[in-house]
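Each chain, written out:
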Amino acid sequence: MSAPTIALLDDDEDLRQSVAEIFDVLGQNCLALPSVAAIKAAREEVLGCELVILDVNLGDGQPSGIDAYQWLRSQRFAGKIAFLTGHARSHPLVARAAALGERVLQKPITTSELRALAVEPG
Amino acid sequence: MAQPADPDAHAAWSSAVIVNLALLSGTAFSFVTLPAALGSPVTLLRFLQVGWSCLWLLALLRCARRPRLGFSLLAFALSPVWTLVQFPELGMMRQSAGLSFEPFMRQRVAVLVFAVLAPRQVWVTFTMIGAFAVQVCLEFFIPSFGATHFGPAEPWITLLYFATAMWIAWSRSRHLSRERRLERRLSRATAAARAAQVEQAVLDLANSPLQVIELQLTLLEERRRPVPPEAAPIRRALARLRALNRILSSRDHGGPDGNDDDAARTLASFDAEGVLHEPLP
């Protein structure tokens with residue numbers, strides 16, 4: 001199996017599986033991870049990806065997608081990063097994500113939006 | 001469900017308790033500072049005032065947990081009745097005993113105390129001050145009604161004090177009204193923040209399952225050719241839910257607590273389900 005080109009961070013198992021399947025149909029290999037700790041554990045694979053999609057809220061008391069973003073940038077990750085969130089834009093965490101200058105996508109996004117995210121230049 | 005406490009009733013209750021305590025202690029001290037014969041009208045009026053204040057205090061203490069506005073205002077307004085009646089007698093007593101005293105000084109002090117403790121319903125304090133003004137005028141203009149020797153420019157000086165007291169009471173009433181308005185606004189803002197928090201939590205909990213349905217439906221449409229007819233109503237229902245989602249998420253209300261600094265400090269995720277279980281403010 002080829003190395004993953006896309007990494008997804010989301011605490012919802014069904015969602016991780018669904019996104020991975022969609023990317024599989026689109027011909028992309030997606031590494032779906034449930035937590036910031038898992039991202040750090042899969043450091044080499046994640047840093048080799050072209051795109052990382054981060055959920056913002058990862059469950060009560062857990063490090064958020066913002067933490068994952070900061071870690072990725074501290075590791076000099078050069079690929080694209082996008083936030084995928086179920087929150088309204090006004091939520092402080094989402095507002096913070098938007099302030100970082102990255103794309104913030106509102107769940108639920110369509111398959112075509114997902115495809116566009118994967119193919120468009122960073 | 002417990003009703004929220006009425007801040008006006010609490011304020012009026014406090015004023016009534018303080019005024020009655022002041023009258024009770026003042027009257028008790030007067031037995032020592034200006035003794036009168038046991039059977040004299042002044043002594044009778046003093047006992048009446050002591051009993052009157054005690055009764056009001058007992059009644060007020062009984063409803064301390066949930067004071068009623070009307071009752072508290074009544075306890076405030078009627079508290080000095082027997083003191084008011086004994087003023088002319090006291091004036092005469094002091095004058096005939098040759099004691100040094102300034103006529104109407106007690107009335108001035110009493111009225112200023114009432115003004116400082118005035119409840120928001122300023123008409124109550126105005127009525128009390130009016131009663132004191134009537135008493136002062138009667139004492140001044142009817143020679144047999146009380147003291148007969150007054151300072152220059154009386155009763156106008158005393159009435160000027162009363163006017164000042166009315167202004168103090170009115171200012172206090174305005175201040176209390178402003179406080180109530182701020183309290184109401186704060187209460188509405190708290191409710192709005194809570195509603196926003198619930199909305200955010202609902203969005204958080206609903207959107208991931210919606211995303212799963214969206215993607216799984218796409219996979220179903222991709223993998224099953226021709227697309228089963230059952231997929232069409234699901235797709236339409238999903239479109240309606242997406243439209244609803246857009247409306248909800250486009251409403252900008254500043255987040256769960258409206259404090260971006262807090263979120264910046266703590267970047268940890270939060271418990272959306274827990275938010276829905278929190279009691280209403």
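Residues numbered from 1 in each chain as written. Chains lettered and ligands numbered in written order. Predicted model: local features only at pLDDT ≥ 70, side-chain atom pairs only at ≥ 80, totals over all residues. Heavy atoms only, no water.

### Things to note about the overall build of chain A
Argument step 1. A count of helices and strands for chain A gives six helices and five strands.
Argument step 2. Order of helices (α) and strands (β) in chain A, N terminus to C terminus: β-α-β-α-α-β-α-β-α-β-α.
Argument step 3. The contacts in chain A between residues at least 6 apart in sequence include a share of 60% that link residues at least 24 apart.
Argument step 4. Accessible surface for chain A amounts to roughly 5,100 Å². Of this, 48% is attributable to carbon and sulfur atoms. (Helix = DSSP H or I, 4+ residues; strand = E, 2+ residues; numbered from the N terminus. Contact = heavy atoms within 4.5 Å. Areas by Shrake-Rupley, 256 points an atom, 1.4 Å probe, with all protein chains shown as cover.)

### Things to note about the overall build of chain B
Argument step 1. Scanning chain B from N- to C-terminus turns up ten helices and zero strands.
Argument step 2. If you list the helices and strands of chain B from N to C, you get α-α-α-α-α-α-α-α-α-α.
Argument step 3. Relative to its full complement of 281 residues, chain B shows a buried share of 38%.
Argument step 4. Counting every atom, chain B has about 15,800 Å² of accessible surface; 67% of that belongs to carbon and sulfur. (Buried < 20%, exposed > 50% of the residue type's maximum accessible area, 1.4 Å probe, protein only.)

### Describing the packing of helix H6 (residues 122–141) of chain B against helix H7 (residues 156–223) of chain B
Residue and element names in this part refer to chain B.
Argument step 1. For the pair H6 and H7, the least separation of the axes is 10 Å and the interaxial angle reads 175 degrees. One way to sum up the angle between H6 and H7 is to call them roughly antiparallel. Here Val122, Thr125, Phe126, Ile129, Phe132, Ala133, Val136, Cys137 and Phe141 of H6 lie close against H7, whose contacting residues are Trp156, Thr158, Leu159, Phe162, Ala165, Met166, Ala169, Trp170 and Ser173.
Argument step 2. Tallied by class, the residues present in the contact of H6 with H7 amount to 15 nonpolar, three polar and no charged. (Axes fitted to C-alpha atoms, helices over the stretch in contact; angles between N-to-C directions. Parallel < 35°, antiparallel > 145°, perpendicular 65-115°, else oblique. Nonpolar A, V, L, I, M, F, W, Y, C, P; charged D, E, K, R; others polar.)

### Concerning the packing of helix H2 (residues 41–62) of chain B against helix H3 (residues 69–77) of chain B
Residues and elements named next belong to chain B.
Argument step 1. The geometry of H2 relative to H3 is characterised by a closest axis approach of 11 Å and an angle of 160 degrees between their N-to-C directions. What the angle tells us is that H2 and H3 run roughly antiparallel. Every pair of crossing elements has a handedness; the one defined by H2 and H3 is left-handed. Residues Trp56, Ala59 and Leu60 of H2 pack against Phe71, Ser72, Leu74 and Ala75 of H3.
Argument step 2. Its residues placed into classes, the contact of H2 with H3 shows six nonpolar, one polar and no charged. (Left-handed = near helix turned anticlockwise from the far one by under 90°.)

### What to know about the packing of aromatic side chains
Residue and element names in this part refer to chain B.
Argument step 1. Taken as a whole and assessed by the stated rule, the structure comprises eleven aromatic pairs over all chains.
Argument step 2. Centroid distance Phe31 to Phe47: 5.1 Å. Interplanar angle 45 degrees. Geometry classified as tilted. Of this pair, Phe31 sits in helix H1 (residues 7–33) while Phe47 sits in helix H2; the two residues are 16 residues apart in sequence, bridging distant segments of the chain.
Argument step 3. Among the residues examined, Phe47 registers a relative accessible area of 47% and is labelled partly exposed. (Phe/Tyr/Trp six-rings, centres within 6.5 Å; stacked < 30°, edge-to-face > 60°.)

### Let's talk about a nonpolar patch on the surface
Residue and element names in this part refer to chain B.
Argument step 1. Residues Val134, Leu138, Phe141, Ile142, Phe145 and Trp156 make up a contiguous nonpolar surface patch of roughly 570 Å² in combined accessible area.
Argument step 2. With three residues, H6 is the largest single contributor of residues to the nonpolar patch.
Argument step 3. Considering the arrangement of structural elements, one finds Ile142 in the loop between H6 and H7.
Argument step 4. Overall, the relative accessible area of 35% leaves Ile142 in the partly exposed class. (Patch = residues over 30% accessible without salt bridge, like charges linked within 9 Å, V, L, I, M, F, W, Y side chains within 5 Å. Salt bridge = Lys/Arg side-chain N within 4 Å of Asp/Glu carboxyl O.)

### What about the sheet that holds strand E5 (residues 103–106) of chain A?
All names here are of chain A.
Argument step 1. An order of E2-E1-E3-E4-E5 is seen for the five strands of this open sheet, with the pairing classed as parallel. The open sheet has two edge strands with one neighbour each: strand E2 (30–33) and E5. Recorded for the sheet is a direction-independent mean angle of 20 degrees between the axes of neighbouring strands. (Pairing = 2+ DSSP bridges.)

### Digging into the environment of Asn57 of chain A
Argument step 1. Locating Asn57 of chain A in the fold gives a position in the loop between strand E3 (51–55) and helix H4 (65–74).
Argument step 2. Once the C-alpha coordinates of Asn57 of chain A and His87 of chain A are considered, the two residues, 30 residues apart in sequence, prove to be 8.4 Å apart.

### Here we look at the pairing of strand E1 (residues 6–9) of chain A
Residue and element names in this part refer to chain A.
Argument step 1. Burial along E1 is two-sided: the face carrying Ile6 and Leu8 and the face carrying Ala7 and Leu9 are both buried.
Argument step 2. Summarising the sheet, E1 and E2 pair through four bridges and their orientation is parallel. What sits directly across from Ala7, in E2, is Leu31.
Argument step 3. Inspection of the sheet shows E1 paired to E3 by four bridges, in the parallel sense. Note on E3: the bridge partner recorded for Ala7 is Val52.

### What about the side chain of Ser30 of chain B?
Argument step 1. Positionally, Ser30 of chain B belongs in helix H1.
Argument step 2. With sequence-adjacent residues up to four places away left out, Ser30 of chain B is seen in contact with Pro35 and Arg46 of chain B.

### Description of a positive patch on the surface
Argument step 1. Together, Arg174, Arg178, Arg181, Arg184, Arg185 and Arg188 of chain B make up a region of like positive charge exposed at the surface.
Argument step 2. Mapped onto the fold, Arg174 of chain B is located in helix H7. (Lys, Arg positive; Asp, Glu negative; His and termini not counted. Charge placed at Lys NZ, Arg CZ, Asp CG, Glu CD.)

Everything listed is a geometric property; what it means functionally is a separate question.
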